[in-house]
Amino acid sequence: MKADKPVLAALRAAVNGVDLVRFRFWVQLASFAFFVYGGYAAVNLGSHLPIFACGYNRVGKAGAGVCYLMPLQHQLARSWTTLFTGASLFILTGLAIFALWFIALNKAWCGFVCPMGTIQDWITALRRFVGIRYSVYTQSQFGWLKKIKYLLLALAVLIPLGIGDGYITRELRAPICQICPGRVLLPLFSGDYSHLSIDFTSPTTVTMTALGVFIAGLFLVGSFVKKRFYCFFCPMSALQFLFSKLALLRLKKDGAKCTRCGDCYRVCDMQIKAIADDVATADIMADDCTLCLKCVAACPETGALTVKYAGLTIFESTETGFIKRCQRGHCRAHASR
Amino acid sequence: MKPTLFAVCLLAALPLVAAAQEHDEEYKPAGEDSRPSEAPLEIVREKTPGEKANFQLQAGDEVVFVVQQQGVPVPNARVRLVTEQGWAKETLTDAQGRARFQLIRDYFPSWIEFNKRNRSTFVVVAENPAPGAGSDPARPSTNASNQATLSDSYSPSPEDYSSYAWGLAIGLLVAAFGGTSVYLYRRRRVKPFKEVAFHEGR
């Protein structure tokens, strides 16, 4: 046992001193390639994934799985006599499978795996390379903008229910998919540009396809000037937060060790002020958090922020780790751009 | 180091993107590797290269039919294609027994009634003189011919109801407008302070 301790300590020090920027870059790149092109290796993780692995990315069945919002909307669009009987078991089963996927990584699906999050981070890197300053929301703007994702989640549920019983036209099926920038942008990576077109079949299809392209354009511009612009409005983020209390991966804060330096807030792509201000709450992960762990990497106080998996600490803020990352140039220089 | 490795990964990804384009299946003309048919006359629609299992004919497609007699292509057979609305075109098969038609747009509803999944049917009729005195020995005839029909359907072409031009225009307009707005907002904030001073005369 004593012989193990130095090894364990060395491993822990290596992990806590990791170059998170580089680690995250490679994980995101590998995840992007996997979920956009994994179908070519016949990988199919199903259609209950907690990320925007787009089901429209279907040229040669390119993707390795499908975002859960797509089947959820289609399943909810069934007639109420089917939906509110024993047949509703398929929705509950689907939700359970989604929850199982989600609780494995909590919101780190957003910060490390989601292809749309990865695209936004690449656009941010481009903006940083060009030398353009990023934009921020004011606190009041932040307050009301973060509610939009819950509204979109509600629409993702209510519109299909309305379709199911004939109150709403079937042309509005999967409404979130129709306006999602993922539907327009992700198939482009496998050579499918068909979703850039406007469908003039009916007034509804014109509106929805135009809205989809409009939001895709907004996504590109917004991601360029605001870090993780789309994640504020992501209905998947809202759905995930409903299950976050069950997740195995947790972000914890020890308020007693926090010196309120504010570095964690400065590096946070989602502008979550509570990560710096709240010294009372231990379970500090907010609904907007993408668990990118930049706050942990930027924190100079040992043990103030920790990442636990099933109760075991796997990554924590340390002074030595902070110094190492600063020497690599990943500290406040990153936060200021 | 990181940018170089990233560039290598990007180059490695290019074959994946190329592979994502539709491949041509190995194309076999009708009649090869198939069991000889015993039908006195039949019409076979020739598959297009790269045709998948869920292939659907669309308006504007060129469709090729092969007329065969007991498995052997028949040259100079009369072939007529008739659409649901009554449009018809007649041609003769070539030396390989092939007759080509271009499916015309046959569906002109009002915008509200337009259904992009509408299936318009058509029928292809092939006729060829038959040897001998006909199939009924009790009633011999001087002229006999075999006639075969084949029906199928086609849907409206996406070019009739979808527009890439509008899609790109909207996307680029949003990007340009958004980018310009952000730029002008940021420029506004760096303007020097100006004030108007009133000098009251004596």
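Conventions we followed
Residues numbered from 1 in each chain as written. Chains lettered and ligands numbered in written order. Predicted model: local features only at pLDDT ≥ 70, side-chain atom pairs only at ≥ 80, totals over all residues. Heavy atoms only, no water. Pairing = 2+ DSSP bridges. Helix = DSSP H or I, 4+ residues; strand = E, 2+ residues; numbered from the N terminus. Axes fitted to C-alpha atoms, helices over the stretch in contact; angles between N-to-C directions. Domains from an automatic or database assignment. Phe/Tyr/Trp six-rings, centres within 6.5 Å; stacked < 30°, edge-to-face > 60°. Buried < 20%, exposed > 50% of the residue type's maximum accessible area, 1.4 Å probe, protein only. Lys NZ or Arg CZ within 6 Å of the ring centre and 35° of its normal. Salt bridge = Lys/Arg side-chain N within 4 Å of Asp/Glu carboxyl O.

1. Section: the sheet that holds strand 2 (residues 249–253) of chain A
Residues and elements named next belong to chain A.
Part 1: Here 3 strands make up an open sheet; going across it, the order is 2-3-4 and the pairing antiparallel. In the strand order of this sheet, the two ends are held by strand 2 and strand 4 (312–316), each with one partner. Within the sheet, the average angular offset between the axes of one strand and its neighbour, ignoring direction, is 35°.
Part 2: When strand 3 (residues 305–309) meets strand 4, the two strands line up antiparallel, connected through 4 bridges. Each bridged residue has a counterpart across the sheet, and for tyrosine 309 the counterpart in strand 4 is leucine 312.

2. Things to note about the domain arrangement of chain B
Part 1: With domains assigned, chain B is organised as domain 1 (34–156) and domain 2 (159–189).
Part 2: The distance between the C-alpha centroids of domain 1 of chain B and domain 2 of chain B comes to 48 Å.

3. Examining the packing of aromatic side chains
Residue and element names in this part refer to chain A.
Part 1: Counting across every chain of the model gives 24 aromatic pairs over all chains.
Part 2: On the basis of an interplanar angle of 85° and a centroid distance of 5.9 Å, the ring pair of tryptophan 80 and phenylalanine 84 is categorised as edge-to-face.
Part 3: Taking relative accessible area as the criterion, phenylalanine 84 reaches 59% and is therefore assigned exposed.
Part 4: Joined through ring pairs, the aromatic side chains of Tyr137, Phe142, Phe229, Phe232 and Phe233 make up one cluster.
Part 5: Seen from the ring of phenylalanine 112, arginine 24 lies directly overhead, with NZ or CZ sitting 5.7 Å from the centre.
Part 6: A cation sits over an aromatic face here: lysine 273 above tyrosine 265, 5.8 Å from the ring centre.

4. Description of the pattern of salt bridges
Part 1: Applying the stated criterion across every chain yields a total of 21 salt bridges over all chains.
Part 2: The closest approach of N and O atoms between lysine 116 of chain B and aspartate 199 of chain A, which form a salt bridge, is 2.6 Å. Linking lysine 116 of chain B in the loop between strand 7 (98–102) and strand 8 (120–129) with aspartate 199 of chain A in strand 1 (residues 198–199), this pair reaches from one chain into another.
Part 3: Using a relative accessible area of 8% as the deciding quantity, one classes aspartate 199 of chain A as buried.
Part 4: For the salt bridge of aspartate 283 of chain A with lysine 252 of chain A, the shortest nitrogen-to-oxygen distance reads 3.8 Å. With aspartate 283 of chain A in the loop between helix 15 (274–277) and helix 16 (294–298) and lysine 252 of chain A in strand 2, this pair connects stretches of sequence that are 31 residues apart.
Part 5: Given the relative accessible area of 25%, aspartate 283 of chain A is considered partly exposed.
Part 6: Looking at lysine 252 of chain A, the relative accessible area reads 25%, which means it is partly exposed.
Part 7: Bridged by salt links that share partners, the residues Lys146, Lys149, Asp287 and Asp288 of chain A form one connected network.

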